[in-house]
Amino acid sequence: MAWIAVIIAGLLEVAWSIGMKYTHGFTRLVPSLFTGAGIVASMLLLAYAAKTLPIGTAYGVWVGIGAAGAAVLGMVVLGEPATAARIFFVSLLVVAVVGLKVTSGH
């Protein structure tokens, strides 16, 4: 169950990081509320997972999912550059996340 919590927390991190773009510096109420709720929910799920998983692993996977997901959505949804180098480095993030999961012992 802890791994499911980390994955959902990571996906929420993707959502709130992309949501930050739509808050316009937290000057728009509705996007700001959704972004804030996503941040809180993501942190709560990470804290829940960290009760049983090593924090370095849980945090690393959470950050990796968030960073890779935000980078991919930035390229796909927000029109950010999708260069070969960016795709390569996002792929490295994914490999790192999988490596942390596989070597965690859980």
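Residues numbered from 1 in each chain as written. Predicted model: local features only at pLDDT ≥ 70, side-chain atom pairs only at ≥ 80, totals over all residues. Heavy atoms only, no water.

## A closer look at the overall build of the chain
Along the backbone of the chain there are 4 helices and 0 strands. Each helix and strand of the chain, placed in order from N terminus to C terminus, yields the pattern α-α-α-α. Relative to its length of 106 residues, the chain is compact, with a C-alpha radius of gyration of 14 Å against a globular reference of 13 Å. Expressed along its principal axes, the backbone C-alpha trace of the chain runs to roughly 40 × 35 × 15 Å. (Helix = DSSP H or I, 4+ residues; strand = E, 2+ residues; numbered from the N terminus. Rg over C-alpha atoms; globule rule 2.2 N^0.38 Å.)

## Digging into the pattern of salt bridges
Following the criterion strictly, the structure yields 1 salt bridge and no others. Measuring nitrogen to oxygen at the nearest pair gives 3.5 Å for the salt bridge that ties Arg86 to Glu80. (Salt bridge = Lys/Arg side-chain N within 4 Å of Asp/Glu carboxyl O.)

## Some remarks on the UniProt feature "transmembrane region" (unreviewed entry) in the chain
The UniProt feature table records "transmembrane region" (unreviewed entry) at residues 33-50, 57-78 and 84-103. Regarding residues 33-50, the helix share stands at 100% and the strand share at 0%, and the terminal C-alpha atoms are separated by 26 Å. Helix and strand shares over residues 84-103 are 95% and 0% respectively, and the end C-alpha atoms of the span are 28 Å apart. (UniProt positions renumbered as here; feature names shortened; annotations may be inferred.)

## Digging into the side chain of Ser42
Considering the arrangement of structural elements, one finds Ser42 in helix α2 (residues 29-50). Within polar-contact distance, the side chain of Ser42 engages the side chain of Trp62 at 2.8 Å. The residues contacting Ser42, other than those within four sequence positions of it, are Ala9, Leu12, Glu13, Trp16 and Trp62. (Polar contact = N/O pair within 3.5 Å; in protein donor to acceptor, adjacent residues only side chain to side chain. Contact = heavy atoms within 4.5 Å.)

## Examining the packing of helix α3 (residues 55-76) against helix α4 (residues 84-102)
Relative to each other, α3 and α4 sit at 155 degrees, their axes nearing to 9 Å. When the axes of α3 and α4 are compared, the pair comes out roughly antiparallel. Handedness of the crossing formed by α3 with α4: left-handed. In contact with Thr57, Gly60, Val61, Gly64, Ile65, Ala67, Ala68, Ala71, Val72 and Met75 of α3, α4 contributes Arg86, Ile87, Val90, Leu93, Val94, Val97, Leu100 and Lys101. (Axes fitted to C-alpha atoms, helices over the stretch in contact; angles between N-to-C directions. Parallel < 35°, antiparallel > 145°, perpendicular 65-115°, else oblique. Left-handed = near helix turned anticlockwise from the far one by under 90°.)

## A few points about the packing of aromatic side chains
In this structure the tally under the stated criterion is 2 aromatic pairs. Measuring from centroid to centroid gives 5.1 Å for Phe88 and Phe89, while their planes differ by 70 degrees, and the two rings are edge-to-face. (Phe/Tyr/Trp six-rings, centres within 6.5 Å; stacked < 30°, edge-to-face > 60°.)

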